[in-house]
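# Topology and contacts: notes
Listed below, chain by chain, are the residues.
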Amino acid sequence: MTVATIHPIDHLMRADRLPHILCAGCGIGTVIHSYVHAINESGIDPDRHVCVSGIGCSGRAAGYVNVDSYHTTHGRALPFALGIAVHNPELTVTVISGDGDLIAIGGNHFIHAARRNVNLNVICINNFNYGMTGGQVGPTTPVGARGTTAPRGAVEQPFNLPHLAKAAGASFVARWTVLHVRQFTDAVLRSMEKKGFCFTEVLSPCPTSFGRRNDLGEGIEEVEMYRQRCRIDNGAGELEQLGIDIVDPSQPITVGNFVDIEREVFLG
Amino acid sequence: MLGDHACAEGALAAGLDFFAGYPITPSTEVAEHLARRLPDVGGRFVQMEDELGSIAAIIGASAAGARSFTATSGPGFSLMMENIGLAAMMELPCVIVDVQRASPSTGLPTMVGQSDILQARWGSHGDYGIVAYCPASPQECFELTIAAFNTADRYRIPVLILMDEVIGHMAERVIIPEEQEIDRTERKGPLEPPGAKPFLPYAAEEDLVPRIAHAGDGHKVHMTGLTHDERGYPALTAATHDKLVRRLVDKVRLNAGSIVEFEEIGLDDAETVVIAYGCTARSARRAVREARNDGQKVGLLRPKTIWPFPQTRLQQLLEAGTVTRIVVPEVNLGQLRREVERHTRLPVIGLNHAGGEMPTPAAILEVITS
């Protein structure tokens, strides 16, 4: 009897990079898994896929995927990816990075890439903090949540990323969590099929740096919280209402595919 | 033709595919000229949101195989420093022109400076090798920009063109040769087609330069700014780091003999050697000629590559024993003078202005004859 040893996505993973550096309970592995499945299902030749990432835990994603992959500098994944996408429009370019990378240090590039409608698929892994650097607060940390640089709780209004992406001009905008594997994979797949700036936020546990400071428990418990609190509302009209309150358990978290419009794609 | 326009034309002659930049005086005419010309030759022009994005975009385009370019001036050059290090570490060729103005900070935006010389060499964090050209005329803006692209591709490095406001805004006749007469160095591509065996994007050859594969070529490369092994995979050890960084420095240092370019006038019997670059070299050339007409043994060494500095030629002169002193006029308070002093115990006399105006031939002549 022969036993199948080849997994359908093995050829899209850099198995020689394993074991990975991610902590137990981290959601980034699930995101990579979904991304790689989307590559497989897209039917696009893997040679035509490119993965660009920034810095931090999420930024390490590019290193595990067996396509042309570039692990760039903090905040600059988007303009780096723009260079690739504009020079060679035949390529399907995905940017995977964290909320701090894409929205704090890279925030200016984010709004301008969306405004231009550059042909990029952006996956923002939002774990509400700077995980690799040790749990400092970032631009998506909910008010009241604690981080090493806000030991009494964050006081700044966080960005509502789908609202920001839509306002800046993105063609496709979605929010899912690592619990919603199938829907998230479909959103990434939709981004690969669609031309223009496509943005998917994916909420992901960071038990090591964020969860334990905010009584969210292990990764599995944070995912259970998403199961209880998430409401799917595809096409939700009032994106400005979709802020995330992690601290108050009575507040729902709205997920879904919110925007899917046609706009002229930027070609330089 | 303006120096800035000649620089843009040089980039086009070199086969420019992709420009990303952010307007800043006195480099703006480079971008404006390319905004007009680049789409006509099938290239892409992007006006970015800032200089950090500009440099990242040209490195990305280079990863996809483009000959890529950006233009800036001092304050924007400072903003590009982190990713110049990324280009050096990823070994992705690209060209950056810095049309220098009087600095620090916003300084004198419309007036000349030469004060980014040391930033060009050392500005990004860490050790790395760099090549910087210093044109002294619009004709050289054209020629050295072509050389910059060739050097970038030859050694897989970011290459700088350190112009200055006077040269950038100077209008002179520029002779543009026929396309077939323009020398183009191609990047060393993979020897085997994709899939034959794993391609190693950082396996250096004898010249210390690895072969390069681009996004979409099918070789599935991984590149990172982290310390990496020959596969491009992160390998965070002291031993890997020392081997990698030493090679990044050595591929410029040990190949300097083929990279360095300079002009010399009357050096063979010179007792006084003037070392000058960019716009200052034009005043210096006239001062040296006048002094020689007057019977004085004066020579000019004009680096066309300010980095690597033509130190071998300087050392040769010093060993000959006739030189008694060196004069270094420049539009800063002594940046290149510091480099020259490193090579000699002879008196090195600076003629300096912090920026805003270049020294006149008379001022240089006065130092020579004093």
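Source: prediction; values computed, not measured.

Below, the discussion takes up helix 11 (residues 311-320) of chain B. Given 3.6 residues per turn, any residue in an α-helix points the same way as the ones three and four places further on. Residue and element names in this part refer to chain B. Those residues of helix 11 that fall on the buried side of the exposure criterion are Arg 313, Leu 314 and Leu 317. On an axial view of helix 11, the arc spanned by its buried residues comes to 100°, and they lie on one face. Along helix 11, the residues that are exposed and aim more than 90 degrees away from the buried face are Thr 312 and Glu 319. The elements touched by buried residues of helix 11 are strand 9 (262-265), strand 10 (272-275), strand 11 (298-303), strand 13 (325-330) and helix 12 (335-341). Taken from the residues just after helix 11, Gly 321 is the one with a positive phi, measuring 90°.

Through backbone hydrogen bonds, the strands of a sheet pair up, either in parallel or in antiparallel fashion. Residues and elements named next belong to chain B. Taken in spatial order, the 5 strands of this open sheet run 9-11-10-13-14, and their pairing is mixed. Both outer strands of the open sheet, strand 9 and strand 14 (348-352), are each paired with one neighbouring strand and no more. Averaged over all pairs of adjacent strands, the angle between strand axes in this sheet comes to 20°, irrespective of strand direction. Sheet topology places strand 9 next to strand 11; 4 bridges connect them, and they run antiparallel. If you follow Phe 262 over to strand 11, its bridge partner there is Pro 303.

Turning our attention to the sheet that holds strand 8 (residues 198-203) of chain A. Judged by pairing direction, the sheet is mixed, and its 9 strands sit side by side in the order 9(A)-10(A)-7(A)-8(A)-4(A)-3(A)-1(A)-2(A)-8(B) without closing on themselves. Looking along the sheet, the strands with just one partner apiece sit at the ends: strand 9 (230-232) of chain A together with strand 8 (222-224) of chain B. Here the average twist between neighbouring strands, direction ignored, is 20°. Note that strand 2 (residues 68-71) of chain A and strand 8 of chain B share 3 bridges and pair parallel. If you follow Tyr 70 of chain A over to strand 8 of chain B, its bridge partner there is Met 223 of chain B.

Below, the discussion takes up the interface of chain B and chain A. It is common to give the size of an interface as the accessible area that goes away when the parts come together. Across the contact, 42 residues belong to chain B and 37 residues belong to chain A. Buried area between chain B and chain A, summed over both chains or domains, comes out near 3,100 Å², and the portion from carbon and sulfur atoms is 57%. Looking only at chain B, the three residues that lose the most surface to chain A are Arg 44, Glu 49 and Lys 220 of chain B, adding up to 22% of its buried area. The interface formed by chain B and chain A includes 3 salt bridges. In this structure, Arg 116 of chain A engages Glu 49 of chain B in a salt bridge whose closest nitrogen and oxygen atoms are separated by 2.7 Å.

On to the pairing of strand 10 of chain B. For a regular strand, the rule is simple: side chains alternate between the two faces of the sheet. Residue and element names in this part refer to chain B. Judged by which residues are buried, strand 10 turns out to be covered on both faces: Thr 272 and Val 274 on one side and Val 273 and Ile 275 on the other are all buried. Pairing between strand 10 and strand 11: 4 bridges, direction parallel. In the strand pairing of strand 11, Val 274 is matched with Leu 300. Running through helix 10 (residues 278-293), the crossover from strand 10 to the neighbouring parallel element strand 11 is right-handed. In this structure, strand 10 lies alongside strand 13, joined through 3 bridges in parallel fashion. Among the inter-strand pairings, Val 273 is bridged to a residue of strand 13, identified as Ile 326.

A few words now on the packing of aromatic side chains. Two numbers describe a pair of aromatic rings. These are the distance of the centres and the angle of the planes. A complete count under the given rule lists 7 aromatic pairs over all chains for this structure. Look at Phe 110 of chain A and Phe 197 of chain A: their rings are 5.7 Å apart centre to centre, the planes differ by 75°, and that puts the pair in the edge-to-face class. On the criterion of sequence distance, the pair formed by Phe 110 of chain A in helix 4 (residues 107-116) and Phe 197 of chain A in the loop between helix 6 (181-193) and strand 8 is long-range, its members being 87 residues apart. By the burial criterion, Phe 110 of chain A is buried, and Phe 197 of chain A matches it. Pairing Phe 19 of chain B with Phe 45 of chain B gives two aromatic rings, centres 5.3 Å apart and planes at 5°, and the pair type is stacked. Of this pair, Phe 19 of chain B sits in strand 1 (residues 18-21) while Phe 45 of chain B sits in strand 2 (residues 44-47), and the two are 26 residues apart along the sequence. Each member of the pair, Phe 19 of chain B as well as Phe 45 of chain B, is classed as buried. Members of the aromatic cluster, connected to one another through ring pairs, are Phe 19, Phe 45, Phe 69 and Phe 149 of chain B. The side chain of Arg 17 of chain A reaches across the aromatic face of Tyr 233 of chain B, ending 5.6 Å from its centre. The ring centre of Tyr 155 of chain B lies 4.7 Å from the NZ or CZ of Arg 154 of chain B, which sits over that ring.

Criteria and thresholds
- Residues numbered from 1 in each chain as written.
- Chains lettered and ligands numbered in written order.
- Predicted model: local features only at pLDDT ≥ 70, side-chain atom pairs only at ≥ 80, totals over all residues.
- Heavy atoms only, no water.
- Buried < 20%, exposed > 50% of the residue type's maximum accessible area, 1.4 Å probe, protein only.
- Helix = DSSP H or I, 4+ residues; strand = E, 2+ residues; numbered from the N terminus.
- Arc of directions from axis to C-beta.
- Contact = heavy atoms within 4.5 Å.
- Pairing = 2+ DSSP bridges.
- Axes fitted to C-alpha atoms, helices over the stretch in contact; angles between N-to-C directions.
- Buried area = accessible area lost by both parts, 1.4 Å probe.
- Salt bridge = Lys/Arg side-chain N within 4 Å of Asp/Glu carboxyl O.
- Right-handed = clockwise from strand over helix to strand, strands pointing away.
- Phe/Tyr/Trp six-rings, centres within 6.5 Å; stacked < 30°, edge-to-face > 60°.
- Lys NZ or Arg CZ within 6 Å of the ring centre and 35° of its normal.

These values are about where atoms sit, not about what they do.
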